[in-house]
Amino acid sequence: MTIRGIDGAKSLLRSMWMVFMHAFHRRETVLYPEEKPKLPARWRGRIVLTRDPDGQERCVACYLCSSACPVSCIALQATEDETGRRYPEFFRINFSRCIFCGMCEEACPTNSIQLTPDFEMSEYNRQNLVYEKEHLLISGTGKYPDYNFYRVAGLAIGGKDKGEAENESPPVDVRGLGL
Amino acid sequence: MNAVFYIAAAVAVVSTVMVVTRANAVYALMYLIVSLLSVALIFFVLGAPFIAALEVIIYAGAIMVLFVFTIMMLNLGPKAVHQESQWLSGRMWIGPSILVAVLIGEMLYVLWGGEHPVEGRHIVEPREVSLALFGPYIMIVELSSMLLLGGLVAAYHLGRRVRGDVKEPKS
Amino acid sequence: MSGILWHLANVAGVLGVLLTLAGALIMVERRLLALWQDRYGPNRVGPFGLLQVAADMIKIFTKEDWIPPFSDKPVFIIAPCIIMGTVLMSFAVIPFAPAVGVADLDIGLLFFLGMSSLGVYSVALAGWSSNNKYALLGGLRATAQMLSYEVFMALSLMGVVMLAGSFNLRTIVNAQQHMWFCIPQFLGLVVFTVAGIAETHRVPFDLPEAESELVAGFHSEYSGMKFGMFFVGEYLAITLISALIVTLFFGGWQGPILPPLVWFALKTAVLICGFVLLRASLPRLRYDQLMSFGWKIMLPVALLNLLITGAIVVARH
């Protein structure tokens, strides 16, 4: 009983001493606004729409991101230009609903929608959290610098006809004799 | 000092009346605490600071807390208040009132007619109290300590748990 | 006339310093806890975060002060007043320095004990009047804890009283001219410190307000300044216990070179930091551990201390 009591008192004093010595340890806190935290490259932060290496929109308005989004924060409307290239007429992400899960990025067939390591997007006005296409679209290629969807897809668009894509043979005339 | 005495006495009387007339037990207890505190103040004014302190520590501070504690445990609802207020009405008051009237009469007689026992006030120091307790009254102190010891042993006996008697609830 | 003025200045000074201190202590505790947990704590508002106190005060004064409709309103309002009142009253008997101090009572120590036993009502009534089962449980726990720890708190002080031969705190300080009572009354010091922590219900004896089991205990239903009064009352109680330990065991204002008031403040500040260190390092006890620790260990130790001190005092005569 007494020995247990003395042991207990010793352990109490020891833990108090150890906690006291923490006064001389380095502090773990990152003083945020002065010192920016290091974010990993795959950090799921602010969502952007990227462009092809030749500077055109990657998004083909397939609606996959919108349907993959678990909180339904993505809204868009598809349209086509005169050459048949699809692009979104408007593209809207409501960041007050977005949970930054990255499902849209995974669903995107053209690597257009991407999550970036940036989280500083607070607003005083909730309406300002609704980002339109002009806010989302960046002028670079994001994480995939060489990828160009229309250069590997078989679809004919302006400036690229059937059979002109990479690894694509010229179209076969099925009515011909095939000689 | 006289003014202090009369104010404290008035508070004591009023709060004691409130104790008796409250239907809610907790309110009654709170008035009783106020009454005890004012009595302590009266002791202090009369030159017995030690007794005043003991009154606060033991009566107001310990015993009444146990009362409050018990009443909290009972968790009386509005029903109990209603029942109490029914008991407090009507002819209930006659008997106690007569007794109190007799007491008041006696006190008035002592105050105006009789002699004043507390004339030359002198402050009773704790030292004097203890000298009195452990001098002429040593027997009573020892007897009461025996009584308290008996109470302690009895409480221990009542609270004792025979091994295997009550199964501990598994947590 | 100047005597009365000096007296009034004393009262106003003590009150002003204490209430400011209670606010400042909130910030001091947060900074110290952060220091011992390798963090920074509040360091944004003003230089070194000093204006955090003002920010906290503004926040707590302007918060909605909600009284639950199911509560017992008058008792609900009185409860936080009691704790502030009793703790502030207790400071009246503390001798801060030879000429500073509100009252010079012959029964100073008993006055403190009386006030601390009245403080129990605050938590008991707060728990009861909230009409909430967590608050009631917290109130019951707090009452039982304070009642049982008061018993040997008083007993542990009697050794000091025997050595000094008085309940007057000034006499007790003067009696420590040659040796501080922390040496001959070491057991008393330990018991009184433990009881003091339990009286202020601080970690590791903070069961009445154990967040993980009772929401916030007896002050679950309190908000705004009423909660603030419980909060400030707790910090005042810490200051009170520290000041009392200094007065009773560490020679009060006595010390070389520096003026007496500075010595008193220094010693008290060190003890307050000790309270915070306790909070930073120790876990909370279980309720039955608390009770059996009190009655089975602390009470016998206090009685033993009383017996030995009594024997020594009698032998010396």
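Residues numbered from 1 in each chain as written. Chains lettered and ligands numbered in written order. Predicted model: local features only at pLDDT ≥ 70, side-chain atom pairs only at ≥ 80, totals over all residues. Heavy atoms only, no water.

Across its full length, chain B carries seven helices and zero strands. Moving toward the C terminus, one meets the helices and strands of chain B in the order α-α-α-α-α-α-α. Buried positions account for 23% of the 171 residues belonging to chain B. Long-range pairs, those at least 24 residues apart, make up 62% of the contacts in chain B with a sequence separation of at least 6. Total accessible area computed for chain B in this model is approximately 12,800 Å², and 72% of it derives from carbon and sulfur atoms. (Helix = DSSP H or I, 4+ residues; strand = E, 2+ residues; numbered from the N terminus. Buried < 20%, exposed > 50% of the residue type's maximum accessible area, 1.4 Å probe, protein only. Contact = heavy atoms within 4.5 Å. Areas by Shrake-Rupley, 256 points an atom, 1.4 Å probe, with all protein chains shown as cover.)

Residue and element names in this part refer to chain B. A surface patch of nonpolar side chains, about 730 Å² in accessible area, is lined by Leu133, Phe134, Tyr137, Ile138, Met139, Ile140 and Leu143. When contributions to the nonpolar patch are tallied by element, the ones reaching two or more residues are α6 (126-134) and α7 (138-159). The topology assignment puts Leu133 in helix α6. According to the relative accessible area criterion, Leu133 is partly exposed, its value standing at 36%. (Patch = residues over 30% accessible without salt bridge, like charges linked within 9 Å, V, L, I, M, F, W, Y side chains within 5 Å. Salt bridge = Lys/Arg side-chain N within 4 Å of Asp/Glu carboxyl O.)

With two pairs of chains in contact, the largest contact count belongs to chains B and C. No part of chain A reaches chain B; the closest C-alpha pair between them is 20 Å apart.

Here we come to the packing of aromatic side chains. Applying the stated criterion across every chain, the model contains 20 aromatic pairs over all chains. Each ring, one from Phe95 of chain A and one from Tyr131 of chain A, has its centre 4.7 Å from the other, and the planes form 75 degrees; the classification is edge-to-face. With Phe95 of chain A in the loop between β3 (86-94) and α3 (103-107) and Tyr131 of chain A in strand β5 (residues 130-131), this residue pair connects regions lying 36 residues apart in the sequence. Classification of Tyr131 of chain A by relative accessible area gives buried; the value is 11%. A centroid spacing of 5.2 Å and a plane angle of 70 degrees characterise the contact between Phe149 of chain A and Tyr150 of chain A, whose relative ring orientation is edge-to-face. By the ring-pair criterion, three or more aromatic residues cluster together here, those being Trp17, Phe20 and Phe24 of chain A together with Trp36 of chain C. A cation over an aromatic ring shows up here: Arg92 of chain A above the ring of Phe90 of chain A, its NZ or CZ 4.8 Å from the ring centre. (Phe/Tyr/Trp six-rings, centres within 6.5 Å; stacked < 30°, edge-to-face > 60°. Lys NZ or Arg CZ within 6 Å of the ring centre and 35° of its normal.)

Attention now goes to the confidence of the model for chain B. The predicted coordinates ought not to be read in detail in places where the model reports low pLDDT. Here chain B averages 78 in pLDDT, and 82% of its residues register 70 or above. Predicted as a complex, the structure gets a pTM of 0.77 and an ipTM equal to 0.76. (pLDDT = per-residue confidence, 0-100.)

To continue, consider the interface of chain C and chain B. Opposite the 25 residues of chain C that make contact, chain B presents 25 residues. Taken together, both faces of the contact between chain C and chain B bury some 2,100 Å²; the carbon and sulfur share is 80%. For the pair chain C and chain B, the interface holds zero salt bridges. Inspection of the region where chain C meets chain B yields three residue pairs in polar contact (both at pLDDT 80 or more). If you list the elements that add at least two residues to the side of chain C that touches chain B, you get α3 (73-90), α4 (108-129) and α5 (133-164) of chain C. A breakdown of the residues in the side of chain C that touches chain B according to their chemical character gives 18 nonpolar, five polar and two charged. (Buried area = accessible area lost by both parts, 1.4 Å probe. Polar contact = N/O pair within 3.5 Å; in protein donor to acceptor, adjacent residues only side chain to side chain. Nonpolar A, V, L, I, M, F, W, Y, C, P; charged D, E, K, R; others polar.)

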